[in-house]
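Spelled out from the first residue to the last, the chains are:
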Amino acid sequence: MKQDSDLRNNLKSIRTRLGMSQQDLANIASVTRQTISGVESGLYAPSVATTLRLAKALGCQVEDLFWLERDLPEIEAVLTKPVPNGQQLRVSMARVGGQWIAYPLIGKDAFRQDMIPADGETVAVDGFPGISKLSNPKGESTRETGTNKVRVRLLDDNLDTLHNTVVIAGCAPVISLWARATERWHPQLRVQYNFANSMAALHSLCRGEAHIAGMHLYDPETGEYNTPFVRDVLAGREAVLITLGVWEEGLLLKSGNPMGIKTVTDLVAGGGTIVNREIGSGSRMLLEQTLQKEQIPFDAVQGFDNILKSHQDVAQAVVRGVADAGISTASVATAFGLGFIPLHQSRYDLVILKEYLEVAPVQQLLSTLGHRMVHSQFEILGGYDISKIGEVVATV
């Protein structure tokens, strides 16, 4: 029987993984080798009896071998970043604020350490370059929307997983620890951690691309953490700030501190080089505030314009000798075996729109902030004060 054009099979992949030739499988399943070849090439649709024999011979379910392409759903989603026209993409998916969001898995976004599995692939992208704006009640253009639509063909039909996904944008390495501990406690919950500096995370929340934004920005004019920036960016939208912890930020230095650095002034006076972070990050803001306090011009610092995008990248640059110092946290210094000079204690808050507080997966995630399993992961890192973890510190 000629195979249905929508019928797909995984026969060759499973057979070769088990180290079986076509003839081996044919002998076990009591069919001809030509039958195996025809099925694998898509030229032949096996009978029910043959299908059952093949599944039994390979020790799997029929559904593992055969599926209908049209059975996999396609859904419309909003793409979170521009992509080349017509490029097919691997994407991860989540439901945020009543709409599907598609996160392209390209470049560094495709990896943490291992490559991130995709939830689907794009079918068509509708005119991403022309993004329209929505005005908030104050008449300010703050949210991007409109034409960045994409059709996504899911790779399986487990929509429950996508509905039970919480998206966090942030830069704190401990977010991934919190996420993995939570998934162990709530196996049906999935936490998607999108790396972004503090301001980028806040804007991602505002655009409806995340449920939670993590940030650690200090405003020296008010003496407040995070809240002034949230008020400014959200511009009238209601949100709560929940503390994740207070961490020590400062200078990462080579092990043993061979330059004898105690302050940023020592680093500059000794001709040391630094690596910096991008605009919008808490680490860059701390460096700039420290330089201003110590009356050091930015252009007097070697490497000030050498920009890296994460705490890990900064640490690796110091380890490899690319730079003598960089701004990060005490826990990152410990993880990489580096020296550390504390400069500031910064409160890391989770910003959540009030409309998301009643979303069940978000409630599940937040409920674990009081769990010992989460606390132990933070405590063993060092450099974190989690005595107020889970407390609501501000509403806007």
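Note that the structure is predicted; figures quoted are calculated from it, not measured.

J.: Teacher, can you tell me more about the overall build of the protein chain here?
T.: Broken down by element type, the protein chain carries 15 helices and 21 strands. With 396 residues in all, the protein chain has 48% of them scored as buried. Counting contacts in the protein chain only where the partners sit at least 6 residues apart, residues at least 24 apart contribute 72% of the total.

J.: Is there a simple way to explain the packing of aromatic side chains in this structure?
T.: Taken as a whole and judged by the stated rule, the model has 5 aromatic pairs. Ring geometry for F298 and F304: centres 4.9 Å apart, planes at 20°, overall stacked. Residues F378 and Y384 carry aromatic rings whose centres are separated by 5.9 Å and whose planes lie at 50° to one another, so their mutual orientation is tilted. Members of the aromatic cluster, each reached through a chain of ring pairs, are W247, Y348, F378 and Y384.

J.: I would appreciate a short explanation of the pattern of salt bridges in the present structure.
T.: If charged atoms from side chains of opposite charge come close, those side chains can pair. Summed over all chains, the structure comprises 14 salt bridges. A salt bridge links R347 to D349; its shortest N-O distance comes to 2.7 Å. Across the pair, D349 and R347 agree in class, each one buried. Measuring nitrogen to oxygen at the nearest pair gives 3.1 Å for the salt bridge that ties R372 to E379. A relative accessible area of 53% means that R372 is categorised as exposed. A relative accessible area of 40% means that E379 is categorised as partly exposed. Through salt bridges with shared partners, a single ionic network connects E74, E121, R151 and R153.

J.: Help me understand the pairing of strand β19 (residues 339–353), please; the structure alone is not making it clear to me.
T.: Within a regular beta strand, the side chains point alternately toward one face of the sheet and then the other, so they alternate between its two faces. With 11 of 15 residues buried, β19 is to be regarded as a mostly interior element. As judged from the 4 bridges shared by strand β12 (residues 212–215) and β19, these two strands associate in the antiparallel manner. For A213, the partnering residue across the bridge sits in β19 and is V351. Where strand β15 (residues 239–253) lies against β19, 14 bridges are found, and the strand directions are antiparallel.

J.: Even after reading the chapter, I still don't get the nonpolar core, so can you show me in this structure?
T.: Nonpolar side chains in soluble globular proteins generally cluster together in the buried interior. One finds W178, L244 and V351 to be the most contacted residues of the largest nonpolar core, which totals 56 residues. By residue number, the principal contributor to this core is β15, which donates 6 residues. Once residues within four sequence positions are removed from consideration, L244 is found in contact with V174, I175, W178, Y348, D349, L350, L369, F378, I386 and I389. Grouped together as the second largest cluster of nonpolar side chains are 18 residues, L25, L54, A55 and L65 included.

J.: Can you walk me through the environment of S204 in this structure?
T.: Structurally, S204 is set in helix α8 (residues 198–206). A C-alpha to C-alpha distance of 7.2 Å links S204 and A169, two positions 35 residues apart in sequence.

J.: What is the right way to look at the pairing of strand β4 (residues 90–96) in this model?
T.: Taken across its 7 residues, β4 has 5 buried, putting it largely inside the fold. Examined bridge by bridge, β4 and strand β5 (residues 99–104) share 6 bridges and lie antiparallel to one another. The residue bridging R95 from the neighbouring strand is W100, located in β5. Hairpin connection of β4 to β5: 2 residues between the antiparallel strands, including G97 at a positive phi of 60°.

J.: Before we go on, may I ask you to explain the layout of surface pockets in this structure?
T.: Empty pockets left among the atoms are what a rolling probe the size of a water molecule brings to light. Volume-wise, the second largest pocket comes out at about 190 Å³. As for the second largest pocket, its lining consists of Y218, P220, L286, Q289, T290, Q292, K293, E294, L343 and H344. Broken down by secondary-structure element, the contributors of at least two residues to the lining of the second largest pocket are α11 (282–293) and β19. Residue contributions to the lining of the second largest pocket peak at 5 residues, all from α11.

J.: So what exactly am I meant to see when it comes to empty space enclosed by the protein here?
T.: Throughout the structure, instances matching the rule amount to 2 cavities of 30 Å³ or more. At the level of elements, α11 and β19 are the ones that each hand at least two residues to the lining of the largest cavity. Take the lining of the largest cavity: its biggest share by element is 4 residues, from α11. Of the residues assigned to the lining of the largest cavity, the class counts are 4 nonpolar, 5 polar and 1 charged. In this model, the second largest cavity occupies a volume close to 40 Å³. Contributing to the lining of the second largest cavity are L253, K254, N257, P258, M259, I261 and D324. Of the residues that constitute the lining of the second largest cavity, the class distribution is 4 nonpolar, 1 polar and 2 charged.

J.: Which parts of the structure should I look at to understand the packing of helix α2 (residues 22–29) against helix α3 (residues 33–41)?
T.: The packing of two helices is summarised by the inter-axis angle and the distance between the axes. Put simply, α2 and α3 touch, their axes get as near as 8 Å, and they point 115° apart. In terms of orientation, α2 and α3 fall into the roughly perpendicular class. Taken as a pair, α2 and α3 cross one another with a handedness that is right-handed. Every residue of α3 that contacts α2 at Q22, Q23, L25 and A26 is listed here: R33, I36, S37 and E40. Taken together, the residues of the contact of α2 with α3 break down into 3 nonpolar, 3 polar and 2 charged.

Reading guide: rules and limits
Residues numbered from 1 in each chain as written. Predicted model: local features only at pLDDT ≥ 70, side-chain atom pairs only at ≥ 80, totals over all residues. Heavy atoms only, no water. Helix = DSSP H or I, 4+ residues; strand = E, 2+ residues; numbered from the N terminus. Buried < 20%, exposed > 50% of the residue type's maximum accessible area, 1.4 Å probe, protein only. Contact = heavy atoms within 4.5 Å. Phe/Tyr/Trp six-rings, centres within 6.5 Å; stacked < 30°, edge-to-face > 60°. Salt bridge = Lys/Arg side-chain N within 4 Å of Asp/Glu carboxyl O. Pairing = 2+ DSSP bridges. Core = buried A, V, L, I, M, F, W, Y, C linked by side-chain atoms within 4.5 Å. 1 Å grid on protein atoms, 1.4 Å probe; cavity = no way out; pocket = protein on both sides within 12 Å on 5 of 7 lines; lining within 4 Å. Points joined across faces, edges and corners; volume = space filled by probe spheres on them. Nonpolar A, V, L, I, M, F, W, Y, C, P; charged D, E, K, R; others polar. Axes fitted to C-alpha atoms, helices over the stretch in contact; angles between N-to-C directions. Parallel < 35°, antiparallel > 145°, perpendicular 65-115°, else oblique. Left-handed = near helix turned anticlockwise from the far one by under 90°.

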